[in-house]
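Residue-level listing of the chains:
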2 protein chains.
Amino acid sequence: MTSRLEALCLEKGLKMTGQRRVISQVLSEADDHPDVEEVHRRAVVIDPRISIATVYRTMRLLEDAQVIEKVDLGDGRARYEEASTDHHHHLIDTRNGRIIEFASPELEALKERIARELGYRIVGHRLEIYGIPLGADGNDDADEPVDKGVPV
Amino acid sequence: MTSRLEALCLEKGLKMTGQRRVISQVLSEADDHPDVEEVHRRAVVIDPRISIATVYRTMRLLEDAQVIEKVDLGDGRARYEEASTDHHHHLIDTRNGRIIEFASPELEALKERIARELGYRIVGHRLEIYGIPLGADGNDDADEPVDKGVPV
DNA sequence: GGTATGTTTGCGAACGATTTGCATTATGAT
DNA sequence: ATCATAATGCAAATCGTTCGCAAACATACC
């Protein structure tokens, strides 16, 4: 069956190979922010003959085609999420790495104003908040799944 | 003579070696956001027998001692600035990489509110805005110095 | 359904930024 | 000055990522 991202790729006229189909499927099914290794790990389960180099290449392809977006969460490797039109940002739970997405129209407005006051037009921006749950004081490694996200 | 950062290091009880003194001086005199190679380049001018490994080690030492702060501007290498108590952020001029620092109390408040609404207490955060000057449409490589910064 | 042509893949080597092991040298306390 | 300890330089190692190249596709054409 055709995954959501695969359909998108076809629309954009990308040549669909077996490995690209698998990677598209993996990304369609992901509701977190996997890095390349993680995508590879999941892809190999479906078809073991996919090399990490191909995953790297495909991620770049999909990024260029604006099917996915790279998010830099400051942990040294590139993470990805499906491309979306809405601006959203990430709150990272420092206890366990879980990532919560959020959007804020006020934030968008404020950021526009700041840029304008500095004499600039925004072409991109990025905000990350690192935090721990209210009430949590220590470093409890909660047993909940990591990076479930919240609809934005 | 003793540089500002060197004094800070002494206060913190760090062992001051020749190379640490030189690196402290370089960082004290910097008003931009140099990466490790750039710090090394400047340090070697003062004392040619400083290795890049020492610069890496010293940067980490100073970061751990909270004398300097690492800033990740998304360009793949670590950049540094003197530690400061005020929260500020960076607007990066995408035409030439110049970095403008800014602070915004409203932003701080908003970000606190967002975190609270999500049930989190902030332990850190980071905002970068990428932009081009108002009026500038193309890619003019202005002849002004890069990354002069603006007092926050 | 074959077949030519241009792509894509897998592999391992190369990469750039950063860290590390280890023998040598310097520091700060005595 | 002495000495234990910590810092340095060097080169090798590491990590995430890219690249060259020959072999394996995908697609347009017959």
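Residues numbered from 1 in each chain as written. Chains lettered and ligands numbered in written order. Predicted model: local features only at pLDDT ≥ 70, side-chain atom pairs only at ≥ 80, totals over all residues. Heavy atoms only, no water.

- Going by the annotation in an unreviewed UniProt entry, the name recorded for chain A is Ferric uptake regulation protein, with Azospirillum rugosum given as the source organism.
- Listed under Sequence similarities (unreviewed entry) in UniProt, the entry text for chain A is "Belongs to the Fur family." (UniProt positions renumbered as here; feature names shortened; annotations may be inferred.)

1. Let's talk about the overall build of chain A
Reasoning step 1: Each helix and strand in chain A was counted, giving five helices and five strands.
Reasoning step 2: Reading the secondary structure of chain A in the N-to-C direction produces α-α-α-α-β-β-β-β-α-β.
Reasoning step 3: Looking at chain A as a whole, 47% of its 152 residues qualify as buried.
Reasoning step 4: Partitioning the contacts of chain A with sequence separation of at least 6, the portion at a separation of at least 24 is 53%. (Helix = DSSP H or I, 4+ residues; strand = E, 2+ residues; numbered from the N terminus. Buried < 20%, exposed > 50% of the residue type's maximum accessible area, 1.4 Å probe, protein only. Contact = heavy atoms within 4.5 Å.)

2. So, the relation of the copies chain B and chain A
Reasoning step 1: Expressed as a screw operation, the relation of chain B to chain A combines 0.0 Å of axial shift with a rotation of 179°, fitting to an RMSD of 0.2 Å. Classification of the inter-copy transformation places it as that of a two-fold axis. When each C-alpha of chain B is compared by its distance to the rotation axis, Leu127 of chain B comes out closest, at 2.2 Å.
Reasoning step 2: Take the interface residues of chain B: 100% of them recur as interface residues in chain A, which is what a same-surface contact looks like. (Least-squares fit on C-alpha atoms with pLDDT ≥ 70 in both.)

3. Things to note about the packing of helix H2 (residues 18-29) of chain B against helix H4 (residues 52-64) of chain B
Residue and element names in this part refer to chain B.
Reasoning step 1: Relative to each other, H2 and H4 sit at 70°, their axes nearing to 10 Å. In terms of axis orientation, H2 runs roughly perpendicular to H4. By crossing handedness, the relation of H2 to H4 is classed as right-handed. Within the contact between the two elements, H2 uses Gln19, Arg20, Ile23 and Leu27 and H4 uses Thr54, Val55, Thr58, Met59, Leu61 and Leu62.
Reasoning step 2: Here the contact of H2 with H4 is built from residues that sort into six nonpolar, three polar and one charged. (Axes fitted to C-alpha atoms, helices over the stretch in contact; angles between N-to-C directions. Parallel < 35°, antiparallel > 145°, perpendicular 65-115°, else oblique. Left-handed = near helix turned anticlockwise from the far one by under 90°. Nonpolar A, V, L, I, M, F, W, Y, C, P; charged D, E, K, R; others polar.)

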